[in-house]
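Per-entry structural report
Letter by letter, the chains look like this.
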Amino acid sequence: MPITMEYKWRALGVVCIGSLMGAIDANVLIIAFPQIARELQASLVEMVWVLMIYILMGTALVLSLGRVADLKGRKRLYNAGFVVFIVGSALCGVAQTGLQLVLFRGLQGVGGAMLLANSFAILSDAFPPNERGRAFGINSVVWGTGAVFGILVGGVILTITSWRWIFWINVPIGVAATILAYLVLRESVTPNAKETFDFPAAALFTGGLAAFLYGITEGILVGWGDWQSRLPLLAALPLLVAFGLWETYVSRDPILPFGMFRSWIFSASLMASLLQGVAIFATNFLLMVYFQGILGVGIITASLLLIPLSVGLAVVGPIAGLYSDRYGARLLSTAGLLVQALALVLFATISRSTPLSQVAVYEAIMGVGGGLFFPANTSAIMGGVPRARYGVGSGIMMTLRNSSMALSFALALVALTSQLPGGTAALLFGGSFNTATTGGLGLTSDQLATVFLSGMRVAFLVAASFVLVAGLFSVLRGREVRVGVLDGYHRSTSRPRGLYYRAAPPGDGPEPPARPE
């Protein structure tokens, strides 16, 4: 029986599988941290880098990989990403030391970066601008579901077998996804021999961003006054400045065309995304420390308590995405940010006596805000990118999102540890912050809880202020101009109210073949 499903839905299915793998992997690893550290006898520094090396690779490489995809083919790079991710996962499962696990997680992060650099580009390629919000909304359901599924599957795996299966489970899923991607996805990029990849620019950008993230991670672990954090941060600035100068005055085919930022909608949407990420990404981390370190809740129970946030995101995401296609991103994105600001203020009121059910309600509110914000804002960002630059646009977005993740952890820890004795940050980030491990800090259990809750309150209020500034960028982004809806690649019989559509500008690339049904 022939497959009659439209290509766009088949492409969405493939991308959703990749998103599901990423969501499960991220959430299940947090649960398994204590067991992995015990079995591998890994140090706290090694365990922190097991988490951070994946973020570093995904952040430093995703922009360059997005440019490679625009030049050589998105399908090719996406399929290769699955393969690298599978190999990295299999190797993580056989790691015998903490250092080996860090190296193999780095390889897994390279595969993840290849997937991230192409996922939103593939969806933008498959869906016309007035349907992308729905596609991104459905993808947010997968992220929310994957987070819940990762917690449940992780708990089962750690209960009945070894932690190594949290990595090995990616292998059969990844193999199936690779085959499906090969059969379903079509190559939308025709290589152009006149365009070249700018290796010096890629080296400067990757080196500068990697130094920046390395400095932040070391600052979290050893302190901001130590040379291990200062030196990389000092090196990052000249590298990134040199990258900007090279791209502006030397490069013939820049990785990052700065002309893209002339679009206020594109730039304002990116700023809203960056500020929201800085504010939000550390929320689960703060709550996990609160559940385990202050209330003494077990790791699996604490993880289950985070499910309302994912459920709120999964339920609201597709609805908000559909409405953003009709009415634009500005209203829904701004509303989502205001809802998340409210949730952060509510989190700031938490005490030791706050019922867990009440905290769960706050998390659901946070998830609803995320469901309103993510699909609409992502649609606005990608709507301002020419089709020939979808890979770069997706890369810019994910670079900022991943960078905001590292900044979010750093700001949260600074706020938390400003009133705590030295050495607390390492315990917090390593997941071993509790009354037993902090006995040598000179604080009683009640004093520890009081000081911690005071720092957490500051962290949440600072985060709320960031979200409000993001809301300002969101509401001032202006009227949307979504590129490409009138070209030969995407056809739509309806135009959503409140949006202005125009044809793709010259230079977006050759007219592609008719889209297969």
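Residues numbered from 1 in each chain as written. Predicted model: local features only at pLDDT ≥ 70, side-chain atom pairs only at ≥ 80, totals over all residues. Heavy atoms only, no water.

A few words on the overall build of the protein chain. Looking only at helices and strands, one finds 18 helices and 2 strands in the protein chain. Looking at the protein chain as a whole, 57% of its 517 residues qualify as buried. When contacts within the protein chain are restricted to residue pairs at least 6 apart in sequence, long-range pairs at least 24 apart make up 82% of them. (Helix = DSSP H or I, 4+ residues; strand = E, 2+ residues; numbered from the N terminus. Buried < 20%, exposed > 50% of the residue type's maximum accessible area, 1.4 Å probe, protein only. Contact = heavy atoms within 4.5 Å.)

What follows deals with the confidence of the model for the protein chain. It should be kept in mind that the predicted coordinates are not to be read in detail where pLDDT is low. Residue-level pLDDT values for the protein chain average 79, and 84% of them are 70 or greater. Per-element mean pLDDT across the protein chain ranges from 41 in strand β2 (residues 500-502) up to 93 in helix α14 (residues 329-347). Ignoring residues within four places in sequence, the model shows residues 482-517, a span with pLDDT below 50, making 94 contacts including any to other chains. (pLDDT = per-residue confidence, 0-100.)

A word on the pattern of salt bridges. For the coordinates displayed, the defined rule picks out 4 salt bridges. One salt bridge in this structure joins Glu6 and Lys8, with 4.0 Å as the shortest N-O distance. Classification of Glu6 by relative accessible area gives partly exposed; the value is 31%. Taking the shortest distance from any N to any O, the salt bridge between Arg164 and Glu39 comes out at 3.4 Å. Of the two residues, Arg164 sits in the loop between α5 (132-160) and α6 (165-168) while Glu39 sits in helix α1 (residues 7-40), which places them 125 residues apart along the sequence. Overall, the relative accessible area of 44% leaves Glu39 in the partly exposed class. Here the salt bridges share partners, and the residues they tie into one network are Glu6, Lys8 and Glu131. (Salt bridge = Lys/Arg side-chain N within 4 Å of Asp/Glu carboxyl O.)

The subject of this paragraph is helix α11 (residues 283-294). Helix length check: α11 (12 residues) gives 16 Å between terminal C-alpha atoms against 16 Å at 1.5 Å per residue, within 8%. All of the buried residues in α11 are Thr283, Phe285, Leu286, Leu287, Met288, Val289, Tyr290, Phe291, Gly293 and Ile294. Where α11 terminates, the next one or two residues include Gly296, which has phi positive at roughly 75°. (Expected span 1.5 Å × (residues − 1).)

As a further point, take helix α7 (residues 170-184). When the terminal C-alpha atoms of α7 are compared, their 20 Å separation across 15 residues agrees well with the 21 Å that a helix rising 1.5 Å per residue should span. Of the positions making up α7, those classed as buried are Asn170, Gly174, Ala177, Thr178, Ala181 and Val184. The arc enclosing the buried residues of α7, seen along the axis, measures out at 150°, which places them on a common side. Looking at α7, the residues exposed on the side facing more than 90 degrees away from the buried face are Pro172, Tyr182 and Leu183. (Arc of directions from axis to C-beta.)

Keep in mind that most residues, glycine aside, have a negative phi and that most peptide bonds are trans. Of note in the backbone geometry, Gln41 takes a positive phi value of approximately 50° without being a glycine. Structurally, the position occupied by Gln41 is in the loop between α1 and α2 (44-72). Taking relative accessible area as the criterion, Gln41 reaches 72% and is therefore assigned exposed.

Turning next to the environment of Leu270. Assignment of secondary structure puts Leu270 in helix α10 (residues 264-280). Residue classification places Leu270 among the buried positions, given a relative accessible area of 4%. Residues Leu270 and Ser474 lie 204 residues apart in sequence; the distance between their C-alpha atoms is 9.3 Å. If near-sequence neighbours (up to four positions away) are discounted, Leu270 is found in contact with Phe261, Ile381, Ile396, Met397 and Leu400.

Moving on to the packing of aromatic side chains. Tallied over the entire structure, the rule returns 13 aromatic pairs. Taking the centre distance of 5.1 Å and the plane angle of 80° together, the rings of Tyr78 and Phe82 count as edge-to-face. Of this pair, Tyr78 and Phe82 are both found in helix α3 (residues 74-93), 4 residues apart, which corresponds to roughly one turn of the helix. Of the residues examined, Tyr78 reaches a relative accessible area of 1% and is grouped as buried. For Phe82, a relative accessible area of 0% gives the class buried. Taken together, Phe347, Tyr362 and Phe460 form an aromatic cluster joined through their ring pairs. (Phe/Tyr/Trp six-rings, centres within 6.5 Å; stacked < 30°, edge-to-face > 60°.)

Each packed pair of helices is defined by two parameters, the angle between the axes and the distance between the axes. Contact geometry of α5 with helix α13 (residues 307-327) gives a least axis separation of 6 Å together with a crossing angle of 170°. With respect to their mutual orientation, α5 and α13 come out roughly antiparallel. Contact with α5, carried on its side by Arg132, Gly133, Arg134, Gly137, Ile138, Ser140, Val141, Gly144, Thr145, Ala147, Val148 and Ile151, involves Ile307, Ser310, Leu313, Ala314, Gly317, Pro318, Gly321, Leu322, Ser324 and Asp325 of α13 and no other residues of that element. When grouped by side-chain class, the residues that make up the contact of α5 with α13 number 10 nonpolar, 9 polar and 3 charged. (Axes fitted to C-alpha atoms, helices over the stretch in contact; angles between N-to-C directions. Parallel < 35°, antiparallel > 145°, perpendicular 65-115°, else oblique. Nonpolar A, V, L, I, M, F, W, Y, C, P; charged D, E, K, R; others polar.)

Glancing now at the packing of α11 against helix α15 (residues 356-383). The contact between α11 and α15 brings their axes to 13 Å, and the two run at 175°. As far as their axial angle goes, α15 and α11 are roughly antiparallel. Contacts from Thr283, Leu287 and Phe291 in α11 reach Leu356, Val359, Glu363 and Met366 in α15. For the contact of α11 with α15, the per-class residue count stands at 5 nonpolar, 1 polar and 1 charged.

What follows is about the nonpolar core. Ile36, Phe291, Leu344 and Phe347 are the most contacted members of the largest nonpolar core, which has 132 residues in total. By residue number, the principal contributor to this core is α2, which donates 15 residues. Residues within four places of Phe291 in sequence aside, it is in contact with Gly296, Val297, Ala302, Leu305, Leu306, Leu356, Val359 and Glu363. Ala320, Ala329, Ala376 and Ala380 belong to the second largest nonpolar core, which has 7 residues in total. (Core = buried A, V, L, I, M, F, W, Y, C linked by side-chain atoms within 4.5 Å.)

Before going further, it helps to examine a nonpolar patch on the surface. On the surface, a cluster of nonpolar side chains totalling about 550 Å² of accessible area is made up of Leu237, Val241, Leu245, Tyr249 and Val250. Within the secondary structure, Val241 is located in helix α9 (residues 227-249). (Patch = residues over 30% accessible without salt bridge, like charges linked within 9 Å, V, L, I, M, F, W, Y side chains within 5 Å. Areas by Shrake-Rupley, 256 points an atom, 1.4 Å probe, with all protein chains shown as cover.)

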